[in-house]
Amino acid sequence: MLRVPKRTAALAPLAAAGMAAVLLVAVGILGARGATEQASGTDVSSLSKSILVATYVEQLETNRTELMAQQDSERAQAAQDLQLPAGVDFGPGESPGAIDEQISGLKSTLTDPSVTAADIPAPELYWYEDGFFASLMVIDWQCGWLSTGIKQVEANDMAGVQESVEMLYSLQSTQYVEAFPEYDAFLSEQVDPLLQGDTSGAELFLPNCVN
């Protein structure tokens, strides 16, 4: 069953700001996403280790709750807006593993007497542009319709190919296309050739998808 595009480590920091910079659809390059910031406003010298750890853990748990709420909201809306081909599913959501690892590491310091409050670094908090999680759903959707189009060409189902091409073009009338500045190139290089029975361009995109 067709599923998700290949993705980088969950909740990895973004090397360059801006969603459009990393979602390079035409060539299928998916970079690390999001951004981090050091939690601030805590006077380490005035806190015991246990209080400091509790403060940092609370900051991380709040950060995780906000991110997961953003993801749940965006995925629910995208699932309503984007129709998938038969037999295709959206991939799973992103995991807050990097945040959970920090929480686990902080809690482990409580049982290590060699670690002082001064040794404990401020946690990295994560944020994502509005629409980031929805854009991952769009990539799933692209993969699904493009793979379906290839199969239809191979089966000589040109009416089906026409439908798949029209579906891929329909993204242009939605707000989701704003996250994909190279979408016109994707259509001309990967999608349009399907109408002539040419799957070579589409197949170049498929390595970004996981069956």
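Note that residues are indexed from 1 along each chain, following the sequence as it is written. Only residues with pLDDT of at least 70 are given local features in this predicted model, and only at 80 or more are side-chain atom pairs given and counted; all residues enter the totals for whole chains, interfaces and linings. Side-chain calculation: all heavy atoms of the structure are included, whereas hydrogens and water are not.

1. Structural notes on the packing of helix 2 (residues 49–81) against helix 3 (residues 97–108)
What describes two packed helices is the angle between their axes and the distance between those same axes.
Phase 1: The contact between helix 2 and helix 3 brings their axes to 10 Å, and the two run at 165°. Regarding the angle of helix 2 to helix 3, the classification is roughly antiparallel. Taken as a pair, helix 2 and helix 3 cross one another with a handedness that is left-handed. Along its contact with helix 2, which presents Val53, Tyr56, Val57, Leu60, Glu61, Asn63, Arg64 and Leu67, the element helix 3 presents Ile99, Asp100, Gln102, Ile103, Leu106 and Lys107.
Phase 2: The residue classification treats Ala, Val, Leu, Ile, Met, Phe, Trp, Tyr, Cys and Pro as nonpolar and Asp, Glu, Lys and Arg as charged. All others, Gly included, are polar. Here the contact of helix 2 with helix 3 is built from residues that sort into 8 nonpolar, 2 polar and 4 charged. Every axis in this analysis is a line fitted to C-alpha atoms, fitted for helices over the stretch in contact. Angles between the N-to-C directions lie between 0 and 180 degrees. Labels follow the DSSP assignment, with helices taken as runs of H or I lasting at least four residues and strands as runs of E lasting at least two, numbered in each case from the N terminus. Here is the rule for angles: anything less than 35 degrees is roughly parallel, anything more than 145 is roughly antiparallel, 65 through 115 is roughly perpendicular, and the remaining ranges are oblique. Here is the rule for handedness: rotate from the far helix to the near one, and if that takes an anticlockwise turn smaller than a right angle the crossing is left-handed, while a clockwise turn gives right-handed. Two residues qualify as a contact provided that any one of their heavy atoms is within 4.5 Å of a heavy atom in the partner residue.

2. A closer look at the confidence of the model for the protein
Phase 1: A residue's pLDDT is the predictor's confidence in that residue, given on a scale from 0 to 100. Mean pLDDT over the protein stands at 83; residues scoring 70 or higher make up 77%.
Phase 2: For the protein, strand 2 (residues 29–30) is the element with the lowest average pLDDT, namely 26, and helix 5 (residues 158–169) is the one with the highest, namely 98.
Phase 3: Low pLDDT, under 50, characterises residues 1–33; the predicted model gives this stretch 112 contacts beyond four residues in sequence or across chains.

3. Quick word on the packing of helix 5 against helix 6 (residues 183–191)
Phase 1: Two elements in contact, helix 5 and helix 6, have axes separated by 11 Å at closest approach and are oriented at 170°. In terms of orientation, helix 5 and helix 6 fall into the roughly antiparallel class. Considering the relative orientation of helix 5 and helix 6, their crossing is right-handed. In this structure, helix 5 contributes Val165, Leu168 and Tyr169 to the contact, and helix 6 contributes Tyr183, Phe186, Leu187 and Val191.
Phase 2: Among the residues making up the contact of helix 5 with helix 6, the classes are represented as 7 nonpolar, no polar and no charged.

4. Things to note about the nonpolar core
Phase 1: Within the largest apolar cluster, 52 residues are counted, with the highest numbers of intra-cluster contacts made by Leu82, Trp141, Leu168 and Tyr183.
Phase 2: At the level of secondary structure, the elements contributing two or more residues to this core comprise helix 2, helix 3, strand 4 (124–127), helix 4 (132–154), helix 5, helix 6 and helix 7 (200–205).
Phase 3: For this core, the leading source of residues is helix 4, giving 13 residues. Residues enter a nonpolar core if they are buried and are Ala, Val, Leu, Ile, Met, Phe, Trp, Tyr or Cys, with the set joined through side-chain atoms within 4.5 Å. Here's how the labels work: a residue is buried when its accessible area is under 20% of the maximum for its type, exposed when over 50%, partly exposed in between, all with a 1.4 Å probe on protein chains only.

5. Let's talk about the packing of aromatic side chains
Phase 1: Stacked, tilted and edge-to-face are the three classes assigned to paired rings of Phe, Tyr and Trp, where Trp is represented by its six-membered ring and a pair needs centres within 6.5 Å; plane angles under 30 degrees give stacked, over 60 edge-to-face, the rest tilted. In the structure shown here, the tally under the stated rule is 5 aromatic pairs.
Phase 2: Each ring, one from tyrosine 128 and one from phenylalanine 133, has its centre 5.4 Å from the other, and the planes form 45°; the classification is tilted. For the pair formed by tyrosine 128 and phenylalanine 133, the shared burial category is buried.
Phase 3: Feature note: the residues Tyr128, Phe132 and Phe133 constitute an aromatic cluster, connected by ring pairs.

6. Considering the environment of aspartate 140
Phase 1: Tracing the sequence through the fold places aspartate 140 in helix 4.
Phase 2: For the pair formed by aspartate 140 and cysteine 209, sequence separation is 69 residues and the distance between their alpha carbons is 7.7 Å.

7. Examining unusual backbone geometry
Phase 1: A positive phi angle is found at asparagine 156, which is not glycine, with a value near 60°.
Phase 2: Following the sequence through the fold, asparagine 156 ends up in the loop between helix 4 and helix 5.

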